[in-house]
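Chains, contacts and geometry: an overview
What follows is each chain in one-letter form.
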Amino acid sequence: MSQTSGFVKKLAANDRKVRDAAFESLRKYLSSRSSSKLTLLEMEKLWKGLYYSMWLCDRPRPQERLAESLAQLYSEVIPVAAFSDFTEAFWVIMIREWPNIDQWRVDKFYLLIRRVLRHNFKRLKNEKWSSKLVDSFLSIYEKHPLSGDKSVSVALPYHICDIYLDELELVIFEELKDKQQALDEQEKKDMTKYQELVKQKIEIASEIPIQKLIAPFQKLNKDCPLKTLREKCKEEVLDDERLKDWGVFESEDSDSEEEEDDDDWEGFN
């Protein structure tokens, strides 16, 4: 039995202690140089085992802890050279197994997807938004959950539309979290501090390839044969006001102000 098969068998064991021990061993293995030898197929097998670990996990809090632990493999454990294949392996398994997930288990897998996306972004941030790594990350999402292919359950791209900017915002503005919470807790916002926070967000966002990161949704919005998915991409991602707040797209307010100024101008006297 190969080492990969051994992990899979233990990760899918009925005994929680066996699964937990197997996961800790897997973390150590994935952080070692030996993991760089893993093929995409072997990573898919590992994710099949991790999928069953999630399947067998009961109760909300343990499920949340496990989802976070699995997702942290992306940001804290695997070498950067394995990031793309490990990401692709996750989506291959999720798409393949999604039709088998019943209504009682679907929420925990939605949670797992959210946490994996979050830690995908964390890894990209840790790698200074490397153009090569971002391109690879996006190509995987375009190839699998955001492909628009009929073989992909529409629930998956719908969910990604719902969470994509939320998770991106959480990661890119992580350092501003305390400032944001302080403002949110005030009954009346201090406009000076609020404007300062907005300025900081725009400065941070200007250093991140956000337009590139939302390109898959623009492509789906244009080319996807499913009308409801085209509309979902537009409503939940492309028309989100946060993209204007971050300076990614120009605000319509500024345009309207310019138009009003033009209307008021009566020419040279």
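- For the protein chain, an unreviewed UniProt entry supplies the name Ribosomal RNA-processing protein 1 and the organism Debaryomyces fabryi.
- UniProt annotates the protein chain under Sequence similarities (unreviewed entry) with the comment "Belongs to the RRP1 family."
- The protein chain has a UniProt comment under Subcellular location (unreviewed entry) that states "Nucleus".

**So, helix 7 (residues 131–143)**
- With 13 residues, helix 7 extends 18 Å between its outermost C-alpha atoms, agreeing within 8% with the 18 Å of an ideal straight helix rising 1.5 Å per residue.
- The set of residues buried in helix 7 consists of Leu133, Val134, Phe137, Leu138, Ile140 and Tyr141. Burial along helix 7 is one-sided: seen end-on, the buried residues are contained in an arc of 155°. Of the exposed residues in helix 7, the ones pointing more than 90 degrees away from its buried face are Lys132 and Lys143.

**Points about the environment of Trp55**
- Among the structural elements, Trp55 can be located in helix 3 (residues 40–56).
- When the C-alpha positions of Trp55 and Arg105 are compared, they lie 7.2 Å apart, and in sequence the two are 50 residues distant.
- Those residues in contact with Trp55, other than ones at most four positions away along the chain, are Asn100, Ile101, Asp102, Arg105, Lys108 and Phe109.

**Observations concerning the domain arrangement of the protein chain**
- Taken domain by domain, the protein chain comprises domain 1 (1–135) and domain 2 (145–247).
- Contacts between the two partners involve 16 residues from domain 1, matched on the other side by 22 residues from domain 2.
- When the buried surface of domain 1 facing domain 2 is broken down by residue, Phe121, Lys125 and Trp129 rank first, second and third, together holding 31% of it.
- Taken together, the links from domain 1 to domain 2 amount to 6 salt bridges.
- Of the charged contacts in the structure, one is a salt bridge between Glu175 and Lys125, with a shortest N-O distance of 3.0 Å.

**Some thoughts on unusual backbone geometry**
- Positioned with a positive phi, Arg59 is a non-glycine residue whose angle comes to about 75°.
- Position of Arg59 relative to the elements: it lies in the loop between helix 3 and helix 4 (60–77).
- Despite not being glycine, Trp129 shows a phi value in the positive range, around 55°.
- Here Trp129 shows up in the loop between helix 6 (106–126) and helix 7.

**Description of the confidence of the model for the protein chain**
- In this model, the protein chain carries a mean pLDDT of 91, and residues with pLDDT of at least 70 account for 91%.
- Scored below 50 in pLDDT, residues 254–269 makes 1 contact in the model with residues more than four places away or belonging to other chains.

**Thoughts on the pattern of salt bridges**
- Counting across every chain of the model gives 21 salt bridges.
- Note that Glu167 is salt-bridged to Arg118, the shortest N-O span being 2.5 Å. In this pair, Glu167 sits in helix 8 (residues 155–172) while Arg118 sits in helix 6, placing the two residues 49 residues apart along the sequence.
- Assessed through its relative accessible area of 15%, Arg118 is described here as buried.
- For the salt bridge of Asp166 with Arg242, the shortest nitrogen-to-oxygen distance reads 2.8 Å. Separated by 76 residues along the polypeptide, Asp166 in helix 8 and Arg242 in helix 14 (residues 242–245) bring together distant segments of the chain.
- For Asp166, a relative accessible area of 31% corresponds to the partly exposed category.

**Description of the packing of helix 2 (residues 16–30) against helix 4**
- Viewed as axis vectors pointing N to C, helix 2 and helix 4 meet at an angle of 15°, and their least axial separation amounts to 11 Å. Compared by their axis directions, helix 2 and helix 4 come out roughly parallel. Taken as a pair, helix 2 and helix 4 cross one another with a handedness that is right-handed. Residue-level contacts link Phe23, Arg27 and Leu30 of helix 2 to Ser69, Leu70, Gln72, Leu73, Glu76 and Val77 of helix 4.

**Thoughts on the packing of aromatic side chains**
- Within this structure, the stated rule accounts for 17 aromatic pairs.
- Ring geometry for Tyr74 versus Phe83: centroids 6.1 Å apart, planes at 85°, classification edge-to-face. Per residue, the accessibility class of Tyr74 equals that of Phe83, and both read buried.
- Aromatic side chains Trp98 and Tyr110 sit 5.3 Å apart centroid to centroid with 55° between the ring planes, which places their arrangement in the tilted category. Placement of the pair is Trp98 in the loop between helix 5 (83–97) and helix 6 and Tyr110 in helix 6, with a sequence separation of 12 residues.
- Through successive ring pairs, a cluster of aromatic residues spans Trp47, Tyr74, Phe83, Phe86, Phe90, Trp91, Phe121, Phe137, Tyr141, Tyr164 and Phe217.

**As for the packing of helix 1 (residues 3–11) against helix 3**
- At their nearest, the axes of helix 1 and helix 3 sit 8 Å apart, and the two run at 10° to each other. As far as their axial angle goes, helix 3 and helix 1 are roughly parallel. You can see that helix 1 and helix 3 cross each other, and the crossing is left-handed. Residue-level inspection shows Thr4, Phe7, Val8 and Leu11 of helix 1 in contact with helix 3, the latter providing Glu42, Lys45, Leu46, Gly49, Leu50, Tyr52 and Ser53.
- For the contact of helix 1 with helix 3, the class distribution of residues is 6 nonpolar, 3 polar and 2 charged.

Definitions and cut-offs
Residues numbered from 1 in each chain as written. Predicted model: local features only at pLDDT ≥ 70, side-chain atom pairs only at ≥ 80, totals over all residues. Heavy atoms only, no water. UniProt positions renumbered as here; feature names shortened; annotations may be inferred. Helix = DSSP H or I, 4+ residues; strand = E, 2+ residues; numbered from the N terminus. Expected span 1.5 Å × (residues − 1). Buried < 20%, exposed > 50% of the residue type's maximum accessible area, 1.4 Å probe, protein only. Arc of directions from axis to C-beta. Contact = heavy atoms within 4.5 Å. Domains from an automatic or database assignment. Buried area = accessible area lost by both parts, 1.4 Å probe. Salt bridge = Lys/Arg side-chain N within 4 Å of Asp/Glu carboxyl O. pLDDT = per-residue confidence, 0-100. Axes fitted to C-alpha atoms, helices over the stretch in contact; angles between N-to-C directions. Parallel < 35°, antiparallel > 145°, perpendicular 65-115°, else oblique. Left-handed = near helix turned anticlockwise from the far one by under 90°. Phe/Tyr/Trp six-rings, centres within 6.5 Å; stacked < 30°, edge-to-face > 60°. Nonpolar A, V, L, I, M, F, W, Y, C, P; charged D, E, K, R; others polar.

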